[in-house]
Amino acid sequence: MNKVILMGRLTRDPEVRYSQGASQTAVARFSVAVDRRFKRDGEPDADFFNCTAFGKQAEFVEKYLHKGTKILLSGRIQNDNYTNKDGQMVYSVRVIVEEIEFAESKNASGGNAGGYNNGGGFGGGFSGGMGGAPAASGAGDGFMNIPDGIDEELPFN
């Protein structure tokens, strides 16, 4: 089984290209810094992983992610070995992204999540009022204020 799960921050803005041909496919390349759980003197505090996403995942990366965005991803490890111009074998690995989500809210990231519109933690979510109720302004604590009288509009009680 080849499965990896990473949580970290993008180290730079993603590079997105589209394949040639009749059906263009988005290909996003980016790097994620993952903090090490245990830190020792003289050793790095984080590990850096090169990642590649394809198709819908790459389009999501292009639209919403940028340097500093905290993400959670799962995927697989793939060897990215090659021979350089000097004839030396270069060994490296790349994470091929299968799933990707936000790992913090836009507010928690200092408002730099590139258009993400959810007050909660993970991707795609509730952003507005229910059943015509006005969206309440947040109290700054990451939770949405529920207006009085909303109980009559909820489909469950």
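In short, a report on the structure. (Residues numbered from 1 in each chain as written. Predicted model: local features only at pLDDT ≥ 70, side-chain atom pairs only at ≥ 80, totals over all residues. Heavy atoms only, no water.)

**Considering the overall build of the protein chain**
And then number 1: Helix and strand content of the protein chain: 1 helix and 8 strands.
And then number 2: Ordered by position from N to C terminus, the α and β elements of the protein chain give β-β-β-β-α-β-β-β-β.
And then number 3: Partitioning the contacts of the protein chain with sequence separation of at least 6, the portion at a separation of at least 24 is 49%.
And then number 4: As displayed, the protein chain has an accessible area near 10600 Å², and 49% of this comes from carbon and sulfur atoms. (Helix = DSSP H or I, 4+ residues; strand = E, 2+ residues; numbered from the N terminus. Contact = heavy atoms within 4.5 Å. Areas by Shrake-Rupley, 256 points an atom, 1.4 Å probe, with all protein chains shown as cover.)

**Examining the environment of A26**
And then number 1: Inspection of the secondary structure puts A26 in strand β3 (residues 26-35).
And then number 2: Excluding anything up to four places from it in sequence, A26 contacts R17, Y18, A53, F54, G55, A58 and E59.

**Let's talk about the pairing of strand β1 (residues 4-10)**
And then number 1: The pairing of β1 with strand β5 (residues 70-79) spans 6 bridges and is classified as antiparallel. Counted as the bridge partner of G8 is I71 from β5.
And then number 2: As defined by bridge partners, β1 adjoins β3 across 2 bridges and the pair is classed as antiparallel. Bridged to R9 within β3 is A33. (Pairing = 2+ DSSP bridges.)

**Here's the deal with the pattern of salt bridges**
And then number 1: Applying the stated criterion to the full structure yields 6 salt bridges.
And then number 2: The residue E15 makes a salt bridge to R17 at a minimum N-O spacing of 3.2 Å.
And then number 3: The partly exposed category is assigned to E15, whose relative accessible area is 36%.
And then number 4: Across the pair D47 and R36 runs a salt bridge, and its minimum N-O distance is 2.7 Å. Of the two residues, D47 is situated in strand β4 (residues 46-54) and R36 in the loop between β3 and β4; the sequence distance between them amounts to 11 residues.
And then number 5: Connected via shared salt-bridge partners are R36, E43 and D47. (Salt bridge = Lys/Arg side-chain N within 4 Å of Asp/Glu carboxyl O. Buried < 20%, exposed > 50% of the residue type's maximum accessible area, 1.4 Å probe, protein only.)

**A few points about the environment of K3**
And then number 1: Its location among the elements puts K3 in the segment before β1.
And then number 2: Separated by 71 residues in the primary sequence, K3 and S74 place their C-alpha atoms 7.1 Å from one another.
And then number 3: The residues touching K3, leaving out its near neighbours within four places in the chain, are S74, G75, E98 and E99.
And then number 4: Polar side-chain contacts of K3 include one of 3.3 Å to the side chain of E98. (Polar contact = N/O pair within 3.5 Å; in protein donor to acceptor, adjacent residues only side chain to side chain.)

**Focus: the side chain of S31**
And then number 1: Structurally, the position occupied by S31 is in strand β3.
And then number 2: The class for S31 is buried, based on a relative accessible area of 7%.
And then number 3: If near-sequence neighbours (up to four positions away) are discounted, S31 is found in contact with R9, L10, T11, R12, F48, F49 and N50.

**Here we look at the packing of aromatic side chains**
And then number 1: Tallying each qualifying case throughout the model produces 3 aromatic pairs.
And then number 2: A centroid spacing of 5.3 Å and a plane angle of 45° characterise the contact between F60 and Y64, whose relative ring orientation is tilted. In this pair, F60 and Y64 are both assigned in helix α1 (residues 55-64), 4 residues apart and thus about one turn of the helix distant.
And then number 3: With relative accessibility at 24%, the residue Y64 sits in the partly exposed group.
And then number 4: For the ring pair F60 and F102, a centre distance of 5.4 Å and an interplane angle of 65° mean the geometry is edge-to-face. (Phe/Tyr/Trp six-rings, centres within 6.5 Å; stacked < 30°, edge-to-face > 60°.)

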